[in-house]
Amino acid sequence: MANQVFPTKGNLLNIKKSLSLATLGYDLMDRKRNILIREMMTLIDTAQMVRDQIDETYRRAYRALQWANVSLGICSEAAETTPIETGIQITYRSVMGVELPHITIEPHEEESHYGLQNTNSQLDQAFVCFAKCKELTVVLAEVENSIYRLAVSIKKTQCRANALKNIIIPGFEENIHFISNALEEKEREEFSRLKVIRRITAGDKDGEAV
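Predicted, not measured: the structure shown is a model, and the values here were computed from it.

A. View of the packing of aromatic side chains. If you walk through the whole model with that rule in mind, you get three aromatic pairs. Where Tyr 58 meets Tyr 62, the ring centres are 5.9 Å apart and the plane angle is 20°; that geometry is what we call stacked. Separated by four residues within a single helix, Tyr 58 and Tyr 62 lie in helix H1 (residues 9-72), roughly one turn from each other. Taking relative accessible area as the criterion, Tyr 62 reaches 45% and is therefore assigned partly exposed. A centroid spacing of 6.2 Å and a plane angle of 65° characterise the contact between Tyr 58 and Phe 130, whose relative ring orientation is edge-to-face. Residue Tyr 58 is found in helix H1, and its partner Phe 130 is found in helix H3 (residues 121-209); the two are separated by 72 residues along the sequence. Residue classification places Phe 130 among the partly exposed residues on the basis of a relative accessible area of 27%. One aromatic cluster is present, formed by Tyr 58, Tyr 62 and Phe 130 through successive ring pairs.

B. Here's a closer look at the nonpolar core. Counting residues in hydrophobic clusters, the biggest one holds 15 residues, and the most contacted among them are Leu 36, Ile 147 and Leu 150. Put simply, the parts of the chain that give this core at least two residues each are H1, strand S2 (98-105) and H3. Once residues lying within four places of it in the same chain are set aside, the contact partners of Leu 36 are Val 95, Met 96, Val 98, Leu 150, Ser 153, Ile 154 and Thr 157.

C. Focus on the pattern of salt bridges. As enumerated under the stated definition, the model contains six salt bridges in all. The salt bridge partner of Glu 39 is Arg 93, with a shortest N-O separation of 3.1 Å. Note that Glu 39 is positioned in helix H1 and Arg 93 in strand S1 (residues 88-95), a separation of 54 residues in sequence. Between Arg 59 and Glu 56 there is a salt bridge, and its shortest N-O distance comes to 2.9 Å. With Arg 59 and Glu 56 both in helix H1 and three residues apart, the pair spans about one turn of that helix.

D. Looking closely at the pairing of S2. The pairing of S1 with S2 spans eight bridges and is antiparallel. Bridge pairing in S2 places Arg 93 opposite Leu 100. Counted between consecutive antiparallel strands, the loop separating S1 from S2 contains two residues, among which Met 96 sits at a positive phi close to 50°.

Criteria and thresholds
Residues numbered from 1 in each chain as written. Predicted model: local features only at pLDDT ≥ 70, side-chain atom pairs only at ≥ 80, totals over all residues. Heavy atoms only, no water. Phe/Tyr/Trp six-rings, centres within 6.5 Å; stacked < 30°, edge-to-face > 60°. Helix = DSSP H or I, 4+ residues; strand = E, 2+ residues; numbered from the N terminus. Buried < 20%, exposed > 50% of the residue type's maximum accessible area, 1.4 Å probe, protein only. Core = buried A, V, L, I, M, F, W, Y, C linked by side-chain atoms within 4.5 Å. Contact = heavy atoms within 4.5 Å. Salt bridge = Lys/Arg side-chain N within 4 Å of Asp/Glu carboxyl O. Pairing = 2+ DSSP bridges.

So, in structure tokens, the structure goes:
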């Protein structure tokens, strides 16, 4: 890379400026990566906690539903009375330029839509547990999608930081070294040439004086 740069003071100043910007860029990339990693690690802990809650809630829900099916028969008609959820809203927040989803579900009183005459408490328990699972699923969807987006951004940031650290910055440093050496050699040659000229000039003056 150094051999492609013409050794002038102007190029030296420009490359030093580029090196300064590249170094600053690497520092910012490294800082961004660390912040995103901390954010992702926090979300990973949250995701594990929510998964555990969902697993336990689903176990209780299916256990209650099994007992309801045993005592009432298959409860498909009761299940069909449950309306489709339409109160989910998605907004976004930015973390170091990464858009992370924030999913909310419109709060409302969970009410069963099946009749009470031909049902029992086990079916009620299943209904309550599945409603809780719905809320936890919304939270888990937000967290896992955020983790995925953060992981993708961390990978891109890491690649860019590596390119700056291992390719761009060393290339600029090599060019600076090359140009500095070339300019110093040129200055030494110029200095030697001036000494020779002065010596010749001084000799001519001495000859004229004689």
